[in-house]
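Now for the letters of each chain:
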Amino acid sequence: MANKNFGFWAIVRREVRRMHSRPLYGLSIICAPLFCFIFFTTLMGEGLPQSLPAGVVDEDNTLVSRSILRNLDSYQQTEIIKQYASFSEAREAMQKNEIYGFFYIPRGTQELASSQRQPTISIYTNATYLIPSSLLYRDMKTMAVMASAAVGREVLFAKGANLDQAMGFLQPIQMDMHALSNPWLNYNVYLSNTMLPAVLVLMVLMVTCFSIHTELKDDTAREWMSMANDSVLKAVSAKLFPQTMMFSLMALIYLVLLYGLLGFPLNNGFWPMLLAAEMLILASQGFAVFIASAIPSLRWSLSLCTLWGVLSIPISGFSFPVMGMPAALQALSYLFPLRYYFLIYVDQALNGIGMVYSAWFYVALLAFTILPLTDIWMLRKAAYKYTYLI
Amino acid sequence: MWFKDMLDVSGKELRKTVSDTGVLVFFIIVPLLYPLLYAYLYSGEVVREVPVVVVDECRSATSREFLRKADATPDLKIISYCADMEEARNLMHRHKAYGLIQIPSEFEGTLVAGRQATVNLYCDMSGLLYYKALLSGCTMVSLDMNRDIQMTRLSGLSDWEKDVMTMPIENEYVTMFNPANGFQVFLIPAVLILLLQQTLVLGVSMMAGTENEKRRAGMVLGSEYSNPITVLGGKALAYLLVYGFTATYVLCLVPWFFHMPQLWQLPTLVAFIVPFLLASIFFSITISFFVRDRESCFLLFVFASVPLIFMSGISWPTSNMPVAWRVIAQIFPSTHAINGFARIGTAGALLQDVRVECLALWIQTAVYFMLSLLIFERMYRSDKMPGAEFVIAMRTRVRKNIRVAKRDIKGKLRIEK
């Protein structure tokens, strides 16, 4: 086989030329993922949002209410930006998005507290913005409980109790929360670890499908097939090889970015995650080839691949857990390569447990990779018969 | 007559939309089905009954009471009582449980002695909702039991005195506008708005791609009209007509299907959505000029949905974004529209509450209209110029020659080596 216009490497060279001739490939393989990598990691660079804007409505305006407010402002995640005169003014500020929540201290709080008649203070948060709302709630709730305990503690001290006894009385059972592997509750760790590969998967699915079907559209598929001696498997694998290399490089970049530069939890070393990322790319390519072969229309197969890529983000369950979804969608989640990558990441990077626990997830990714073996013969048929329809 | 021309363009554009299945998919089918799928995905709002395991080293009446009450909360479900930490950890590793409650052996003794006893919680951090469920479930139980314990210690006082003693200042929590504090109400409005913008971008650029393919094949388009404003206006009118229906379905019916809060008032909603649609339409037309063929729009624009939803600040708060991203986010209609619509629809804001966003959308409409006019005019001129095709043909030939020459040089170099 001395002829240099045939065989695996000839197709690889041809594909590199094709990719080079269209800026579209560069944009979608390198620029788009790189943009998202930088975007997500810098966007949430703070890890946990600090100094969230909040307000207060102090109708009481007494010693007690002012001491509550002073303490509230000393929390790291809450910043009291303004004091409002009335409840409706604060609500309007919330609707204007100036604040995410406010503390409401009604008139007579001190009077009731000092005469032991149990006043109520209220916490309002705008749950339209779920993350800031939840975080503010945590601070404000602690604050409210502390304010209450402070009053109670004074009474106990006055009765002669020491601090140990006082706390033993005020809070007999306390919770000690251990957030395993992410004790800072870092949102960047929580979201970027799956968001970056998710963008990559989306691009792999689309680029793979697009590049195969443009051969059909541009009527170059016969030439392509003949270069592989009519072996569709050889034709496809050679064509995708340069893309695999490029995407692997992108995967390496995000892995180095996350675990090297940003120092995210990586409790089982680099290799299991590198293997997972590499297998994720191959699995996505396999899935895209499967779709491209099954549906002999550029637009429809590309649409399906796009849908799969976009849908894999919510359905992989990294933000909203799969167990909270309806049963039908729980079953559907098994058909997304990203879901398995996410499970591997939880085991290998976050929790750092033995590879044996994740073995089946790796196998599932492998299954996606060899999925096209079932229908790739259809692609060969299409290559010889296909005509492009708008 | 410019008005007649405009209607003429509009009619043609509508016909083109209807006859092109690819565009119809973006304008009708995706907006029809995708929101349903997405809203259905989050219809659970929150996670309930998170499976947890328990290691009870105390095995006393109090520890059992604590666990029984934890199991009874809507947040948690105890799936196994383990003999030791090893067994519990194993269950967590196999994804059977997402949390671990450990009660130390001295738990009851400490309580009886009147000191503070500790319950240890361990949480799998693969999802923050597990953390939230475990913490809020157990906190609820501990607050409840704390009161009981205090009550028994305060025997001799009246019930009311005990109440005041244990909690001198009561507090209450109100999650406004999103009663279940759930994912659906928080995320779906953003997804709906983004969907409108993205399908417009994809559909319009697919049409532009088709036009470009035809132009490359030698057809000249749009030369029969007197000026580019009528062409642009006509196109915008056609899209606005289609998206009037699409937006009504997506923004009003979909939330209604899923019983999401809908506090908007019609004048506010219309006055806000019209500039959003106009801004999106001219935004789409502007960027569609960069699309060379039908299908490249997928590769170029779909991925942007992911960063765009984050840029809006609906998830990660705007106040905590780096300034650069906050500035870049201003370019996109979706940023303002998501913020505005979330507050109009979910929080019942009025037009004066969202006037900043509304103004921003009108400014975007003007800017993108001017931009698209500028680009369109250049293109239109080059098409109408005598011999435009000749210039294009020459340019392609020169490029091809250069490519061939480069290849030859490379070949020679290789031979020399």
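Counting restarts for each chain, with residues numbered from 1 along the sequence as it is written. Each chain is given a letter, starting from A, and each ligand a number, starting from 1, according to the order in which they appear as written. The predicted nature of this model means local features are confined to residues of pLDDT at least 70 and side-chain atom pairs, given and counted, to a pLDDT of 80 or more, with totals for whole chains, interfaces and linings taken over all residues.

1. Considering the overall build of chain B
Heads up, the rule is: Segments assigned H or I by DSSP are reported as helices when at least four residues long, segments assigned E as strands when at least two residues long, and all are numbered from the N terminus. By the convention adopted here, residues make contact when the C-beta atoms placed from their backbones lie within 7 Å.
If you tally the helices and strands in chain B, you get 16 helices and five strands. Across chain B, every contact between residues at least 6 apart in sequence was considered, and the portion connecting residues at least 24 apart equals 81%.

2. Thoughts on the overall build of chain A
Threshold: Only the C-alpha atoms count toward the radius of gyration. The rule for a globule is 2.2 Å times the residue count to the power 0.38. Comment: burial labels come from other C-beta atoms within 10 Å of the residue's own C-beta, placed from the backbone, where a count of 20 or more is buried, 12 or fewer is exposed, and between is partly exposed.
In terms of regular secondary structure, chain A is built from 16 helices and five strands. In summary, chain A has a C-alpha radius of gyration of 29 Å against a globular reference of 21 Å for 390 residues, an excess of more than 25%. For chain A, the spread of C-alpha atoms along the three principal axes comes to 100 × 45 × 40 Å. Evaluated residue by residue, chain A yields a buried proportion of 49% over its 390 residues.

3. Comments concerning the sheet that holds strand β4 (residues 117-124) of chain B
Stated precisely, the cut-off is as follows: Any two strands with at least two DSSP bridges between them are considered paired. All axes here are fitted lines through C-alpha atoms, helices being fitted over the stretch that makes contact, and every angle between N-to-C directions spans 0 to 180 degrees.
Strand order in the open sheet formed by five strands is β5(A)-β4(B)-β3(B)-β1(B)-β2(B), and the pairing between neighbours is mixed. Edge positions in the open sheet fall to β5 (173-180) of chain A together with β2 (76-82) of chain B, since each of these has one partner strand only. Each adjacent strand pair in this sheet contributes to an overall mean axis angle of 25 degrees, direction not counted. For strand β3 (residues 99-103) of chain B and β4 of chain B, the ladder comprises four bridges, and the chain directions are antiparallel. Along β4 of chain B, the bridge assignment pairs Gln102 of chain B with Asn120 of chain B.

4. Section: the domain arrangement of chain A
Stated formally: Here the bounds of each domain stem from an automatic or database domain assignment.
Assigned domains within chain A: domain 1 (8-44 + 184-385) and domain 2 (52-170). Taking only C-alpha atoms, the centre of domain 1 of chain A and the centre of domain 2 of chain A are 49 Å apart.

5. Some thoughts on the interface of chain A and chain B
Put simply, the test is: Note on residue categories: nonpolar means Ala, Val, Leu, Ile, Met, Phe, Trp, Tyr, Cys or Pro, charged means Asp, Glu, Lys or Arg, and polar means any other residue, Gly included.
Taken residue by residue, the interface counts 92 residues in chain A and 84 residues in chain B. Ranked by residue count, the leading element in the side of chain A that touches chain B is helix α6 (residues 130-158) of chain A, at 11 residues. Split by residue class, the side of chain A that touches chain B holds 59 nonpolar, 26 polar and seven charged.

6. Here we look at the sheet that holds strand β5 (residues 170-176) of chain B
Sheet architecture is open: five strands sit in the order β2(A)-β1(A)-β3(A)-β4(A)-β5(B), paired in mixed fashion. The sheet is open, and its two edges are formed by β2 (78-84) of chain A together with β5 of chain B, each paired on a single side. The sheet shows a mean angle of 25 degrees between the axes of neighbouring strands, direction not considered. As defined by bridge partners, strand β1 (residues 52-58) of chain A adjoins strand β3 (residues 101-105) of chain A across four bridges and the pair is classed as parallel.

7. Here's the deal with the packing of helix α8 (residues 187-217) of chain A against helix α12 (residues 298-315) of chain A
Residues and elements named next belong to chain A. What counts, and what does not: What sets the label is the angle itself: under 35 degrees gives roughly parallel, over 145 gives roughly antiparallel, 65 to 115 gives roughly perpendicular, and the rest give oblique.
Where α8 contacts α12, the two axes come as close as 8 Å, and the packing angle between them is 175 degrees. On the basis of their axis angle, the class for α8 and α12 is roughly antiparallel. Residue-level inspection shows Ala198, Val201, Leu202, Leu205, Met206, Cys209, Phe210, His213, Leu216 and Lys217 of α8 in contact with α12, the latter providing Leu298, Ser301, Leu302, Cys305, Thr306, Trp308, Gly309, Val310, Ser312 and Ile313. The class makeup of the residues in the contact of α8 with α12 is 14 nonpolar, five polar and one charged.

8. Considerations on unusual backbone geometry
Not every positive phi belongs to a glycine, and Leu185 of chain A is a case in point at roughly 50 degrees. By the secondary structure assignment, Leu185 of chain A is in the loop between β5 and α8. Look at His95 of chain B: it is not a glycine, yet its phi comes out positive at around 60 degrees. Residue placement: His95 of chain B occurs in the loop between α4 (85-93) and β3.

9. A few points about helix α15 (residues 355-370) of chain A
All names here are of chain A. How we decide: Helix span, as expected, comes to 1.5 Å for every residue beyond the first.
Helix length check: α15 (16 residues) gives 22 Å between terminal C-alpha atoms against 22 Å at 1.5 Å per residue, within 8%. For α15, the set of buried residues is Ser358, Phe361, Tyr362, Leu365, Phe368 and Thr369. As for α15, its buried residues are in contact with α11 (270-294) and α14 (337-351).

10. Some thoughts on α12 of chain A
Residue and element names in this part refer to chain A. With 18 residues, α12 should reach 26 Å at 1.5 Å per residue; the first-to-last C-alpha distance of 25 Å fits that figure. Most of α12 sits out of view: 15 of its 18 residues are buried. Positive phi shows up at Gly317, right after α12, with a value of about 85 degrees.

11. Observations regarding the domain arrangement of chain B
Along its sequence, chain B is organised into domain 1 (2-42 + 182-385) and domain 2 (50-166). When each unit is reduced to the centre of its C-alpha atoms, the spacing between domain 1 of chain B and domain 2 of chain B is 51 Å.

12. Focus: the environment of Ser74 of chain A
Residues and elements named next belong to chain A. You can see Ser74 is positioned in the loop between α3 (63-73) and β2. The class of Ser74 is exposed, set by 9 C-beta atoms lying within 10 Å. Spatially, the C-alpha atom of Ser74 lies 54 Å from that of Cys209, the residues being 135 residues apart in sequence.

13. Things to note about the pairing of strand β1 (residues 50-56) of chain B
All names here are of chain B. The condition is simple: Here is how to tell: hold the view so the strands point away, follow the path from the first strand over the helix to the second, and if it runs clockwise the crossover is right-handed.
Counting buried residues along β1, five of its seven residues qualify, which places the element largely inside the surrounding structure. Note: β1 against β2, six bridges, orientation parallel. Bridge pairing in β2 places Val52 opposite Ile78. For the crossover from β1 across helix α3 (residues 61-72) to β2, the handedness is right-handed. Two elements, β1 and β3, share five bridges in a ladder whose sense is parallel. Counterpart to Asp56 in the pairing with β3 is Ile103.

14. Examining the packing of helix α2 (residues 21-41) of chain B against helix α8 (residues 183-216) of chain B
Residue and element names in this part refer to chain B. In plain terms, the rule: Crossing handedness follows the turn of the near helix against the far one: under a right angle anticlockwise gives a left-handed crossing, and clockwise gives a right-handed one.
Running from N to C, α2 and α8 cross one another at 165 degrees; their axes reach a closest spacing of 9 Å. The orientation of α2 relative to α8 falls into the category roughly antiparallel. In the crossing of α2 with α8, the sense of the turn from one axis to the other is right-handed. Of the residues in α8, those in contact with Gly22, Val23, Phe26, Phe27, Val30, Pro31, Tyr34, Pro35, Tyr38 and Ala39 of α2 are Gln184, Ile188, Val191, Leu192, Leu195, Thr199, Leu202, Gly203, Met206 and Met207. For the contact of α2 with α8, the residue count by class is 16 nonpolar, four polar and no charged.

15. Focus: the confidence of the model for chain B
Selection criterion: Summary of the metric used: pLDDT quantifies the predictor's per-residue confidence within the range 0 to 100.
Mean pLDDT over chain B works out to 86, with 90% of the residues at or above the 70 mark. In the predicted assembly, ipTM is 0.89 and pTM is 0.88.

16. Section: the pairing of β2 of chain A
Residue and element names in this part refer to chain A. Across six bridges, β1 lies against β2 in parallel orientation. Each residue of the ladder has a partner; that of Leu52, found in β2, is Thr78. Note that the unit made of β1, α3 and β2 has a crossover that is right-handed.

17. Quick notes on the environment of Pro53 of chain A
Relative to the elements of secondary structure, Pro53 of chain A occurs in strand β1. For Pro53 of chain A, a count of 21 C-beta atoms within 10 Å puts it in the buried group. Not counting the four nearest positions on each side in its chain, Pro53 of chain A is found in contact with Glu79, Ile81, Glu98, Ile99 and Tyr100 of chain A together with Ser319 of chain B.

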